[in-house]
Structures are given as C-alpha cells and as structure tokens.
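Structural overview
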Amino acid sequence: MKLVPTVGKVTALIFSAFLLAACSGSDTQEQDEAAARAAEEAAARAAAATAQQAEMQRLQEAAAAVGNLFYFEFDSSALTQDSINKLDAHIALLQQTERSIRLEGHADERGTRDYNMALGERRANSVRDYMVANGIANYRIETVSYGEERPLAYGSGEANWSQNRRVELK
Amino acid sequence: MNRTHAVFASLLLLVCSLAARAELVIEITQGVDNPTPIAVVPFTWSGAGTAPEDLAGVIDGDLARSGQFDPVGRADMLGRPSKPDEVFYRDWRAIGSDYLLIGRARALPEVVGHIQVEYELFDVNRQMMVYSGMVKGPASEARMIAHRVADAVYEKLTGIPGAFATRMLYVSVTRVPGGKDYFRLTLADSDGARPIVLLESREPVLAPTWSPDGKHIAYVSFETTRPAIYRQELATGKREQLTNFRGLNGAPAWSPDGNTMAMVLSKDGSPDIYLMDLATRRLTRVTTHYAIDTEPTWMPDGRSLLFTSDRGGKPQIYRYDMRSRDVQRLTFEGSYNARARVAQNGRDVVLVHQKDSDFNIAVLDLETGRMLPLTTTELDESPSIAPNGSMVLYATKHAGRGILAAVAVNGSVKFRLPAREGDVREPAWSPYMP
C-alpha cells in the first residue's frame, strides 16, 4: 500500500510552491498558474488524507466488528481459521499505527493451574508469532498469561469452557 | 470520632468480616467401616474466668475428621471424670466406648497468659491407662494445644503421628461477574478454624507454598499486572519480591533444606524449571526443553525433582536427578498426569490424573509403579499432602462452587471443607510447626 504524505509534508509542499511562485517575480501569469497548481495539489493531498481517514475508520470498524477475543481448542494453542480471519482484521489496522498492544492468554478450568498458566502463555505467543510474521514489530507486543484465573464464563461444561480458552487483545 | 478514626474502624471491620466469610466448615462424607469409639470428656478449667477454648471439642473434631474414630456424644456419657481416680470403666463399657480421654487445663501462675493441659488416655476393655501427657502454651493458642493432644492420642492409637497441629494456606475468591474478582490468600488451622487473610488483591494470587520450617510462605501474585513470586515471613508479615522476569514466574517450591527454591520461568523462551539460591538469588536452569515444563516439587531427600512436562505430547510426570541431570518419565497410565506432590516417605506421589473426561486425584506408588485413583468427582486439582502422609487436601467443585476436600492416601476417608461463601482453592498443608 502506498503511503500518503503526512500533514506536515503537505504544508511544506504548499509552502515551497508559494516560495517558488514568490521568487519567479514579474510574470503574474506564471504566478497565477503556479498558485493554481499548488492549490490543485493541496486539494489532491486533502482528498487523499480524507480517503486515508476513511480507510482508517474502515479498518477500525472491521477490527471492532470481529472483536478482541480469539478462541482455542482444549489443550491446544493452534490458531483456528476463525481466529486467523479475526487477527487479519487487527493486523491490517495495526500496520497503520504504532500502538502497543497486550495479548492476554487464558485457559479453561480443566487441568492444573500451573500447566494452564503455561498453556495461556503458549496461546498468547501463538497470536504474537502470527502478528510478527505479518509485519507487526515484536517490541510493540506484550504477552501475559492468566491461566485459568480470569474466566469470562464462571460455569462448567463446554459452553462455558470454550469461552474461557482465549487470547484477549488489549 | 474524627474522619481518620472512622476510616480506620471501617477497615478493621472489613478485615474481621473477611475472616469470618473465609471460614471453612467440615462435612465428613466417608469414614472407615468400623471407626474406633472413643469418649473425649470435657476438660476441666482452673483459672480466672472461663476456659479459653473447648479443648475436648477440638480434640473430638480432630479424631472424627480422621475418619478412624467415632467420638461418643457428650449426652451419652454417664460420668465426667477429669482425674484418673474418677474413672469407672463400667460407665464407658456400658456405652460401648473402646477408649477414654480425660484432661485438665489450668492457667499457669508463673507465665501470664499461658496455660497447661494435662491428659490421660485409657483403654476401656483392658481397664488401664495407656498414655498420659502434658502440653503448655499461650492461652491464645489453646486450639493448637488441643490439636497437639489430638496428635499424641492419634499416634498412640494408630501408630502414625497426627497432623492436626498444623496449618494450611488456601486462596479464596469472591466472584465479581463482569468485573475483577477478589483474591484472598488465607492462613488457617488444619481444621479450617481461625482463618486470617494474609493478602487481598483484585489481581490473581496463586500457588501458595510453605518453607520447610513453616516460618515462611511463597506465592505468585499478579498485583503488578504481571506474575511475580513473593516470599513472606509469617511472624512479621515482611515480604519481598523474588522474581520479576518477562513471561511466566510461577510454581515456587522450597527445597527440603530451605536454601533453594525451584520455580518456573519462561524468560528464555518456553516454560522451564529453574533453581534460585535464596541467599544469593543466583539462578540455575534445570530443564531446557521446548515443551512446557512446570510444577516442580522436591523429593524429600532433595536429590531429585518431579515436574510436569508435555514433552511427550501430553502432560506427564518426570523426574530430574540433580546429580546426573537425567530426566526419566514416571507416569504412563492415562493422557494427563500433572502437579505431583510427594509424601515424606518418598514413595507415595499424589497427582492430578485424567480418567475419561474427569480430573481426579490419584496416588502413584513409586516402588510398584501402581496408580490408585482416590477421588471420583469431576474437577479435582491441587493435591497437598499432610506432613504425616496420611491425608491429601485438594480442591474440587461441589454444587458449582470451588471447595476444599480431603481424602486419605489409602482412600478410606473423605471429608469436605466448603467455605461459607465464595470459591476456595489451592490448599497447601503446612509442614509440622515448630
């Protein structure tokens, strides 16, 4: 994707166009043409910035729509296709920002607490690795495992357990 | 009352009500087939005011909880002897009691606030005194004194030292749906009495464990929003943060000599077992496998560690030899065996064993390699073995709540210790207290 210049760069361009126009001196027609060109360019930049803003909004909405929870199978840290699709939406957004994120890994209540702590970390790492492989810098990602200590659903049974085997992106 | 005082008073109240809510009650669910009848006569008290504690009641509760004794109800007693010359064996034979325990407590004139308890144990059928003893201590520790009497009686009658005069740590949780739960690290007597909240946090607290001398504890707290291992001195409440590594900081386990702590860190990649020299804080890495290695525990001789690893695909128990550095797999039965704890005899290993879909507590005999399941509920975990090797405390679920329960290592006795409120988990039975 082509990067759109920042507002600072746009201002500099307009300013230099103005300077050029000012220096060219006597010929008013040339001055008018230069000014018109500068205005045109500025308008184009503004349109691009608006488009960029719209694209950012679209990415933000897409990421919000998939949610920040990625689910796993029992005793597994493999990303499901569903999780990969959700993660792609977040990665597209993260590629446009410099925001740092925290990935919190969780497990269901089955099995031992310390093993689940390790499993939660493995899940968080699995999400991190996928993000890093898709261009998100490692230093932007903090991972922490809560094991089975912070369930979303308190009850037993697969309906609850499946909600608790997750990574939360924060 | 000014504002500061008002705040202080409400904080105190909070602590008191927390303690009350964390209290456990005991429900014996299974005893031995023919428990031994024993009569524990209420002890007399000589001193100012009333007795600091119903000592006989505490002893009665201990013996009943062991599942091996069937204490006689006080209403059935035909006499209330407190001295040997007041004992009439026929009174006890008449109500079918095999043994009789009598005793006397008095305030010690020479030490303010201290008491002395003298007691005698009789064999009703043989018509003879079989044991007598004396225990002294502060009146504030009257329950502990009663537990010591129960320990002596239990040892005299079963041949196994009692473990009633011990304590336990556990974590209790008050759920806040949609918010952050309250986690409380609690210290209580082995019968659940006298709970004291040592730490309260809105972030997880877990993995409480004892130093071998019973003077320090260690645990993992997320209070900094990341896990870290803390060590705390019980007498002073003084605590220090032992670790602050990137990744996991968990599963602390003191070596039998008290100088080293085994722990799990993932700072170098995958979760591995490390040893920390507590004097120098120097770390030594024990395992280097890319799999999950966790839940270290020491063999009583300190020469090897048991730990859980999924290096074979599923979690199983392995043994690491400190000298040869060899790693040997110990469990083969079932697809999930984890979090081992070893009895002082170095032979019985209690662990979490998955059978079908249930997680149960099982005991592995290291000499025969045989595994004996001890529980039949669904989500049993965190087994902790009594210092006398007879009982296992563990966490389970009952009616949708986390509770503590206990089972004899031979499976004969079971009881539950549900909390009056909230979820209770991760019991850690203390060593023998000084």
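Please read all numbers here as calculations on a predicted model, not as lab measurements. Throughout this document, residue positions are counted from 1 along each chain, in the order its sequence is written. Each chain is given a letter, starting from A, and each ligand a number, starting from 1, according to the order in which they appear as written. The predicted nature of this model means local features are confined to residues of pLDDT at least 70 and side-chain atom pairs, given and counted, to a pLDDT of 80 or more, with totals for whole chains, interfaces and linings taken over all residues. In computing side-chain properties, one takes all heavy atoms of the structure into account and sets aside hydrogens as well as water.

Considerations on the interface of chain B and chain A
Contacts: residue pairs with any heavy atoms within 4.5 Å of one another. With 40 residues of chain B at the contact, the number on the chain A side is 27 residues. Throughout, buried area stands for the accessible area (probe radius 1.4 Å) lost by two parts on being put together, summed over both. Interface of chain B and chain A: buried area, both sides summed, is about 2,900 Å²; carbon and sulfur atoms make up 51% of it. Of the charged contacts in the structure, one is a salt bridge between E203(B) and R150(A), with a shortest N-O distance of 2.9 Å. Within 3.5 Å is the distance limit for a polar contact, defined as a pair of N or O atoms, with the added protein rule that one can donate a hydrogen and the other accept it, and that residues adjacent in sequence qualify only through two side-chain atoms. Applying the counting rule to chain B against chain A returns 16 residue pairs in polar contact (both at pLDDT 80 or more). Segments assigned H or I by DSSP are reported as helices when at least four residues long, segments assigned E as strands when at least two residues long, and all are numbered from the N terminus. Where the side of chain B that touches chain A is concerned, the elements lending two or more residues are β11 (205–210), β19 (293–298), β23 (337–342) and β31 (423–429) of chain B. As a working rule, the residues Ala, Val, Leu, Ile, Met, Phe, Trp, Tyr, Cys and Pro are called nonpolar, Asp, Glu, Lys and Arg charged, and the rest polar, with Gly in that last group. Residue composition of the side of chain B that touches chain A, grouped by class: 19 nonpolar, 6 polar and 15 charged. Each reported salt bridge corresponds to a side-chain nitrogen of Lys or Arg within 4 Å of a carboxyl oxygen of Asp or Glu.

Observations regarding the pairing of strand β4 (residues 166–169) of chain A
All names here are of chain A. Because side chains alternate across β4, one face comprises the buried residues R166 and E168, and the other comprises V167 and L169, equally buried. Here the rule is simple: two strands pair whenever DSSP picks up at least two bridges between them. Taken together, the 3 bridges between strand β1 (residues 69–71) and β4 define a ladder with antiparallel strand orientation. By the bridge assignment for β4, F70 is matched with V167. Relative accessible area decides the class of each residue, using a 1.4 Å probe on protein chains only: under 20% of the type maximum gives buried, over 50% gives exposed, and in between gives partly exposed.

Describing the sheet that holds β23(B)
Residues and elements named next belong to chain B. Here we have 4 strands laid out as an open sheet, ordered β23-β24-β25-β26, and antiparallel in their pairing. Whereas interior strands pair on both sides, the edge strands pair on one side only; in this sheet they are β23 and β26 (371–373). Averaged over all pairs of adjacent strands, the angle between their axes in this sheet comes to 30 degrees, without regard to strand direction. Inspection of the sheet shows β23 paired to strand β24 (residues 348–355) by 4 bridges, in the antiparallel sense. Structural elements are reduced to axes, namely lines fitted to C-alpha atoms, with helices fitted over the stretch in contact, and the angle between N-to-C directions of any two is expressed from 0 to 180 degrees.

Considerations on the sheet that holds β19(B)
Residues and elements named next belong to chain B. The 4 strands lie next to each other as β19-β20-β21-β22, forming an open sheet whose pairing is antiparallel. What marks the edges here is a single partner per strand, and that holds for β19 and β22 (327–329). Averaged over all adjacent pairs, the angle separating strand axes in this sheet is 30 degrees, with direction ignored. Where strand β20 (residues 304–309) and strand β21 (residues 316–321) come together, 6 bridges link them in antiparallel fashion. Following the sheet pairing, L306 is matched in β21 by R319.

Brief notes about helix α3 (residues 81–94) of chain A
All names here are of chain A. An expected span of 1.5 Å times one less than the residue number is assigned to each helix. For α3, with 14 residues, the first-to-last C-alpha span of 20 Å sits near the 20 Å given by 1.5 Å per residue. All buried positions along α3 are accounted for by S83, I84, K86, L87, A89, H90, I91, L93 and L94. At its buried positions, α3 is contacted by α2 (28–66), β1, β2 (101–106), α4 (113–133) and β4.

Things to note about the domain arrangement of chain B
Residue and element names in this part refer to chain B. With domains assigned, chain B is organised as domain 1 (34–158) and domain 2 (167–429). Start and end points for every domain follow an automatic or database-based domain assignment. Here domain 1 and domain 2 have C-alpha centroids that lie 35 Å from each other. Summing the contributions of domain 1 and of domain 2, the shared interface buries around 800 Å²; its carbon and sulfur component is 51%. Interface area lost by domain 1 to domain 2 is led by R65, R143 and M144, which between them contribute 61%. R143 serves as the salt-bridge partner of D191, at 2.8 Å between the closest nitrogen and oxygen. Between domain 1 and domain 2 we count 4 residue pairs in polar contact (both at pLDDT 80 or more) in total. For the side of domain 1 that touches domain 2, the elements supplying multiple residues, two or more each, are α2 (55–65) and α4 (142–158). If you tally residues by element for the side of domain 1 that touches domain 2, the top one is α4, at 4 residues.

A look at the pattern of salt bridges
Under the definition given, this model contains 43 salt bridges over all chains. Of the charged contacts, one joins R126(B) and D123(B) as a salt bridge, the two residues approaching to 3.3 Å between their closest N and O atoms. A relative accessible area of 5% places D123(B) in the buried class. Residue R281(B) pairs with E240(B) through a salt bridge whose shortest N-O separation is 2.7 Å. You can see R281(B) sitting in the loop between β17 (272–277) and β18 (283–285) and its partner E240(B) sitting in strand β14 (residues 239–241), a full 41 residues away along the chain. Overall, E240(B) belongs to the partly exposed group, its relative accessible area being 30%. Through salt bridges with shared partners, a single ionic network connects R102(A), E104(A), E142(A), R166(A), E168(A), K170(A) and R226(B).

Points about the packing of aromatic side chains
Note on aromatic pairs: the rings of Phe, Tyr and Trp (six-membered ring only in Trp) are paired at centre separations within 6.5 Å, and the planes decide the class, stacked below 30 degrees, edge-to-face beyond 60, tilted for the rest. Enumeration according to the criterion identifies 9 aromatic pairs over all chains in this entry. For the pair F69(B) and Y154(B), a centre-to-centre distance of 6.4 Å together with 65 degrees between the ring planes defines the contact as edge-to-face. Here F69(B) is found in strand β4 (residues 69–71), whereas its partner Y154(B) is found in helix α4, with 85 residues between them in sequence. For the pair F69(B) and Y154(B), a shared accessibility class is recorded, and that class is buried. Centroid distance Y154(B) to F164(B): 5.6 Å. Interplanar angle 85 degrees. Geometry classified as edge-to-face. Note that Y154(B) is positioned in helix α4 and F164(B) in the loop between α4 and β8 (167–174), a separation of 10 residues in sequence. Comparing Y154(B) with F164(B) shows no difference in burial state: the two are buried. Here the aromatic residues Y115(A), Y336(B) and F359(B) are joined through ring pairs into a cluster of three or more. Whether a charge lies above a ring is judged from NZ of Lys or CZ of Arg, which has to be within 6 Å of the ring centre and within 35 degrees of the ring normal. One cation-aromatic arrangement involves R202(B) over Y182(B); the distance from NZ or CZ to the ring centre is 4.0 Å.

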